[in-house]
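# Commentary on secondary and tertiary structure
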Amino acid sequence: MPRLSEVIAELDALWPPERAEGWDAVGTVCGDPDAEVDRVLFAVDPVQEIADEALKLGAQLIVTHHPLYLRGTTTVAAGTFKGRVVHTLIKHDIALHVAHTNADSADPGVSDALAGALDLRIERPLVPDPTDPAGRRGLGRICTLDHPETLGSFAARAAARLPATAQGIRLAGDPEALVRTVAVSGGSGDSLFDAVRAAGADAFLTADLRHHPASEAVQHSSLGLVDAAHWATEWPWCEQAAAQLDAISDRHGWDLRVHVSKQVTDPWTTHHSSGAPN
């Protein structure tokens, strides 16, 4: 079996921590570098349910997209929910490793997995990484459809292909408008509207669209907005990342058993449609 340090070295080669945004907190949160690893669990969120799932599986390593401590802390007391996660992991010799914005801009990255889940043809990054001479890394992706379809049909495609959440899919724009070019960005994407418009996209699929940026976007142009749950747009990355680690394991003869959590850790649990305004 490989040591944790060997597995982490391969993960850091996939998603170099130096490519994370300056405000981010990526890398190994806890874990003994000399501990042996034979089972790994991928998930979006480092919450207690995922720690418990890893314990039940007998996993020695959890890899999550979201950081556990993004803004730092002064305590890991078990009386706090994050501290309880840390106590569970250390008590049972389970390591935690985070790949966040360094996985967003990777090749392949979070938005590649999102585009793949929607069966889109990837053309280029939405916001290219200027340090990549090949022009493949960067935030978001510009994609094309094999055949044009209506905005409403594309939103239905997203609802059918992405994991189910209480939010589902929200749509802004003319549902009968034809869509040929789509910008996608896993996670919160309303800071990317200028890049989406500059790319000439017909639709933009992302998450966490706020009222004012979305309102201004639809007033500014005919761009269709497809808003999915944050968790749902990033979960496909877990399957992509697990496949990457599987390939690494095969190459080294490690025989790792790699799992993807199917627990929905999106914080929203119930949806009620509101009545029409009076």
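For the structure itself, look to the data block above.
Parameters at a glance
Within each chain, residue numbers correspond to sequence positions counted from 1 in written order. Only residues with pLDDT of at least 70 are given local features in this predicted model, and only at 80 or more are side-chain atom pairs given and counted; all residues enter the totals for whole chains, interfaces and linings. No hydrogens and no water enter the side-chain calculation; it runs on all heavy atoms of the structure. For every element, the axis is a line fit to its C-alpha atoms; helices are fit only across the contacting stretch, and the angle between N-to-C directions ranges from 0 to 180 degrees. Secondary structure elements follow DSSP: runs of H or I no shorter than four residues count as helices, runs of E no shorter than two count as strands, and numbering proceeds from the N terminus. These descriptions rest on fixed angle ranges, namely under 35 degrees for roughly parallel, over 145 for roughly antiparallel, 65 to 115 for roughly perpendicular, and the rest for oblique. Working rule for contacts: check all heavy atoms of both residues, and any pair within 4.5 Å makes them a contact. Any residue that is not Ala, Val, Leu, Ile, Met, Phe, Trp, Tyr, Cys, Pro, Asp, Glu, Lys or Arg is counted as polar, Gly included; the first ten are nonpolar and the last four charged. For the purposes of these results, a polar contact is taken to be a pair of N or O atoms within 3.5 Å, where, inside protein, one atom must be able to donate a hydrogen and its partner to accept one; residues adjacent in sequence count only when each atom of the pair is a side-chain atom. Between 30 and 60 degrees the pair is tilted, below 30 it is stacked and above 60 it is edge-to-face, where a pair is any two Phe, Tyr or Trp rings, Trp via its six-membered ring, whose centres lie within 6.5 Å. When accessible area is computed with a 1.4 Å probe and restricted to protein chains, residues below 20% of their type maximum are described as buried, those above 50% as exposed, and intermediate ones as partly exposed. Any two strands between which DSSP finds at least two bridges are classified as paired.

A few words on the packing of helix α5 (residues 110–117) against helix α9 (residues 230–252). Look at α5 against α9: their axes get within 7 Å of each other, and the N-to-C directions meet at 100 degrees. On the basis of their axis angle, the class for α5 and α9 is roughly perpendicular. Of α9, the residues touching α5 (which contributes Val110, Asp112, Ala113, Leu114 and Ala117) are Thr233, Glu234, Pro236, Trp237 and Gln240. Here the contact of α5 with α9 is built from residues that sort into six nonpolar, two polar and two charged.

Let's shift gears to the side chain of aspartate 266. Along the chain, aspartate 266 turns up in the segment after β11 (257–260). Engagement of the side chain of aspartate 266 in a polar contact is seen with the backbone nitrogen of tryptophan 268, the distance being 3.1 Å. In this structure aspartate 266 touches Thr165, Ala229, His230 and Trp231, once residues within four positions along its chain are discounted.

Attention shifts here to the packing of aromatic side chains. One pass over the structure, following the stated rule, counts four aromatic pairs. Between tryptophan 15 and tryptophan 237, the aromatic rings sit 5.3 Å apart at their centres with planes inclined by 55 degrees, giving tilted as the arrangement. Highlighted residues: tryptophan 15 in the loop between α1 (4–14) and β1 (27–30) and tryptophan 237 in helix α9, separated in sequence by 222 residues. Take tryptophan 15: its relative accessible area is 1%, and that puts it in the buried class. Pairing tryptophan 231 with tryptophan 235 gives two aromatic rings, centres 6.4 Å apart and planes at 40 degrees, and the pair type is tilted. Highlighted residues: tryptophan 231 and tryptophan 235, both in helix α9, separated by four residues, approximately one helical turn. In this structure, tryptophan 231 and tryptophan 235 share a single accessibility class: buried. Put simply, the rings of Trp15, Phe42 and Trp237 pair up and form one aromatic cluster.

Packing of helix α2 (residues 48–57) against helix α3 (residues 81–91) leaves a shortest axis separation of 9 Å and a crossing angle of 10 degrees. It follows from the interaxial angle that α2 and α3 lie roughly parallel. For the pair α2 and α3, contact is made by Gln48, Ala51 and Asp52 and by Arg84, Val85, Thr88 and Leu89, respectively. In terms of residue class, the contact of α2 with α3 is made up of three nonpolar, two polar and two charged.

Only one face of β11 is covered, namely the face carrying Val258 and Val260; the face carrying Arg257 and His259 is uncovered. The pairing of strand β2 (residues 39–43) with β11 spans four bridges and is classified as parallel. Looking across to β11, one finds that arginine 39 is bridged to arginine 257.

This brings us to the sheet that holds strand β3 (residues 61–64). Within the open sheet, the five strands sit side by side as β1-β4-β3-β2-β11. Their pairing is mixed. Sheet topology places β1 and β11 at the edges, where each strand pairs with a single neighbour. On average, each strand axis in the sheet is inclined to that of its neighbour by 25 degrees, with strand direction left out of account. Bridge count for β1 against strand β4 (residues 95–98) is three bridges, and the pairing is antiparallel. Note on β4: the bridge partner recorded for threonine 28 is histidine 97. α1 contacts β1, β3 and β4 of the sheet and is inclined by roughly 15 degrees relative to β3.

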